[in-house]
Amino acid sequence: MERGKMAEAESLETAAEHERILREIESTDTACIGPTLRSVYDGEEHGRFMEKLETRIRNHDREIEKMCNFHYQGFVDSITELLKVRGEAQKLKNQVTDTNRKLQHEGKELVIAMEELKQCRLQQRNISATVDKLMLCLPVLEMYSKLRDQMKTKRHYPALKTLEHLEHTYLPQVSHYRFCKVMVDNIPKLREEIKDVSMSDLKDFLESIRKHSDKIGETAMKQVPGAQDLVDFSPVYRCLHIYSVLGARETFENYYRKQRRKQARLVLQPPSNMHETLDGYRKYFNQIVGFFVVEDHILHTTQGLVNRAYIDELWEMALSKTIAALRTHSSYCSDPNLVLDLKNLIVLFADTLQVYGFPVNQLFDMLLEIRDQYSETLLKKWAGIFRNILDSDNYSPIPVTSEEVYKKVVGQFPFQDIELEKQPFPKKFPFSEFVPKVYNQIKEFIYACLKFSEDLHLSSTEVDDMIRKSTNLLLTRTLSNCLQNVIKRKNIGLTELVQIIINTTHLEKSCKYLEEFITNITNVLPETVHTTKLYGTTTFKDARHAAEEEIYTNLNQKIDQFLQLADYDWMTGDLGNKASDYLVDLIAFLRSTFAVFTHLPGKVAQTACMSACKHLATSLMQLLLEAEVRQLTLGALQQFNLDVRECEQFARSGPVPGFQEDTLQLAFIDLRQLLDLFIQWDWSTYLADYGQPNCKYLRVNPVTALTLLEKISREMKDTSRKNNMFAQFRKNERDKQKLIDTVAKQLRGLISSHHS
């Protein structure tokens, strides 16, 4: 319908134009009619114009005819004139023909030029059209070139934006061109190329931060903020934007999280030799901190690439694996300094991650476990220290020759003795050097325990409790074992044992000062509820008791060694007049030994002396009653009696002060009563008073008496057989033998009645 309207409008326009030309022909001079006719032939409606012209001529002919009929005479005249004009017209025609021929000849070159001009006009129009088309294509080509440059320079996100503009803005304007179709077909490939290249950049980024996590973490642990500035995160942002624009954000997020989880597992896998040096732990912590610094930055600078739930999940995994690794590797550590450095490193590690918002309470809980291990390593270290002190000690009182040396010792160990202060130089402290050394090492141990409690966010009471428990372990286990080992050494001497008793006595007194020392550094009073008490007193008492027992044992062993030198001639008939040499030497040894006991507590010296005398008495009794000694003479018994009297004399001399009257002599009472019974041959009294509470020979056992009597009886019978030449002598011997047999029979009766 619109096309019909357009045709109608064009027809009207053409008709109006033709009408104008006809009017111009009718009103224009004949000489100037050429341009008018030219416009007709230039147009495309020549036929229609001729029809219009014929119609106009017919109209004019009719008007002329009307006019002729109206003006006939005038018509005749006009005809006459026309006839004249015809002649002139023929002449004009000839002139026109001649002029036309000349014009054609002359215009031939012009026509050629006009044809060339026409071709030029056509080329010009084509060029103009080509330029116009190129002007449309050039932006497309420029955009494509820009796209290639951006991809070449790895500006992938701008390249993607350029690709979007190219696809939706520029290419639709020139879509009918073949090269545009090639570009359109290539767009998906370009998108994939951008995706692949950006993903490659992301992989490079992930590899880079994996390698540089150590450096990132190190920086964070030194200054905390700004560590993320070491990393260029633009590859992540670009790749995220690219995948978001391409509608593949979820794919990107899943890939990123999956790769970072893998890296987290690698980071959390400690090297097998991590426990050997602090640098091993430091590198391990740096990598973990570096990893989570990056993830925290990604969390806060991207919208949803990672979320809090993902971060929390990773941190829970990291926390459990880190704690497990630390438990395993720290258990191999035997150096308390390394454990302490590790604790400080863990605190720094925890504090750094806490700044980034990660919960670290479990790390501090684990530090309490490491604290127990630290305490164990300290105990092992101090066991070595105590062993060295005890092994290198000379177990002699510390000599001082000047006030300076005196003050130095008193400054190391809390000791006050007014009497000692009054004495002139040179003088001696009662204890040996291991006392101030051990005391100061206990204080050093307490300081070492205190170092571990720093920065653990513990209360003063908790710190105090930790120190006291560890110190108690040091005293009751470590120091106690070291002291016991020294005391139980095979080559330990009585002098050393005596000095150990003196030393432990002074160390026991110093325990209250250790209590004060702990109170001063923790500011927790000992009277506070639940405050652990130090068990140092018990430790030193136990060591002292062990030393005392060892003194008793050692003394007995020495006595046994002397007794092994005893060489009694049980068959001698000679009456001796002095004690045996071995016993004299033994008594001299005991006197010199007990002289060393002057600084011992009185009870210890008394117990040692009583124990030695009892052991000596028992051993002498065993010598007398030994089964291998089948016979003995009264003369041998007299020599044995001299030895016992030497022992009794020693007991009466008061080798150590504090015994009441004849208390020490009572150790030999069994021997004395037994010897008196045989030497005085007072059997009637013994048998008559036996069983009475106040009898003279109360300590003589009938079994013992019978055993000794039988030995004498055997000797007498043997002697009687050898001396049978003297009849009178045989009669006396027979009478005595009868008496012995009678006494023996009565003793057996006492023994059997006692058993019944």
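Note that the structure is predicted; figures quoted are calculated from it, not measured.

Parameters at a glance
- Residues numbered from 1 in each chain as written.
- Predicted model: local features only at pLDDT ≥ 70, side-chain atom pairs only at ≥ 80, totals over all residues.
- Heavy atoms only, no water.
- Salt bridge = Lys/Arg side-chain N within 4 Å of Asp/Glu carboxyl O.
- Helix = DSSP H or I, 4+ residues; strand = E, 2+ residues; numbered from the N terminus.
- Buried < 20%, exposed > 50% of the residue type's maximum accessible area, 1.4 Å probe, protein only.
- Phe/Tyr/Trp six-rings, centres within 6.5 Å; stacked < 30°, edge-to-face > 60°.
- Lys NZ or Arg CZ within 6 Å of the ring centre and 35° of its normal.
- Patch = residues over 30% accessible without salt bridge, like charges linked within 9 Å, V, L, I, M, F, W, Y side chains within 5 Å.
- Areas by Shrake-Rupley, 256 points an atom, 1.4 Å probe, with all protein chains shown as cover.
- Polar contact = N/O pair within 3.5 Å; in protein donor to acceptor, adjacent residues only side chain to side chain.
- Contact = heavy atoms within 4.5 Å.

## Re the pattern of salt bridges
Okay, step 1: Per the counting criterion, the structure on display carries 28 salt bridges.
Okay, step 2: Asp98 serves as the salt-bridge partner of Arg101, at 2.1 Å between the closest nitrogen and oxygen. One end of the pair, Arg101, and the other, Asp98, are both in helix 4 (residues 72-152), 3 residues apart, so they sit about a helical turn from each other.
Okay, step 3: Its relative accessible area of 52% is what places Arg101 among the exposed residues.
Okay, step 4: Judged by its relative accessible area of 25%, Asp98 is partly exposed.
Okay, step 5: A salt bridge links Glu376 to Arg477; the nearest nitrogen and oxygen atoms lie 2.7 Å apart. Placement of Glu376 in helix 12 (residues 361-392) and of Arg477 in helix 16 (residues 460-487) is noted, with a sequence separation of 101 residues between them.
Okay, step 6: With relative accessibility at 33%, the residue Arg477 sits in the partly exposed group.
Okay, step 7: One salt-bridge network, in which partners are shared between bridges, spans Glu19, Arg23 and Arg56.

## Comments concerning the packing of aromatic side chains
Okay, step 1: Summed over all chains, the structure comprises 33 aromatic pairs.
Okay, step 2: Each ring, one from Trp681 and one from Trp683, has its centre 5.8 Å from the other, and the planes form 90°; the classification is edge-to-face. Each of the two residues, Trp681 as well as Trp683, counts as buried.
Okay, step 3: Connected via pairs of aromatic rings, a cluster forms that spans Tyr406, Phe413, Phe415, Phe425, Phe429, Phe431 and Tyr439.
Okay, step 4: The aromatic ring of Tyr310 is capped on one face by Arg257, whose charged end is 5.4 Å from the ring centroid.
Okay, step 5: When the ring centre of Tyr406 is taken as origin, the NZ or CZ atom of Lys427, which lies over that ring, is 4.7 Å away.

## Topic: a nonpolar patch on the surface
Okay, step 1: On the surface, Ile127, Val131, Leu134, Met135, Leu138 and Leu141 cluster together to form a nonpolar patch covering roughly 540 Å² of accessible area.
Okay, step 2: With respect to the helices, strands and loops of the structure, Leu141 is situated in helix 4.
Okay, step 3: Overall, Leu141 belongs to the partly exposed group, its relative accessible area being 38%.

## Structural notes on the side chain of Thr633
Okay, step 1: The topology assignment puts Thr633 in the loop between helix 21 (602-625) and helix 22 (634-652).
Okay, step 2: Looking at Thr633, its side chain comes within polar contact range of the main-chain nitrogen of Ala636, at 3.0 Å.
Okay, step 3: What Thr633 contacts, discounting residues up to four positions off in sequence, is Trp570, Met571, Thr572 and Glu715.

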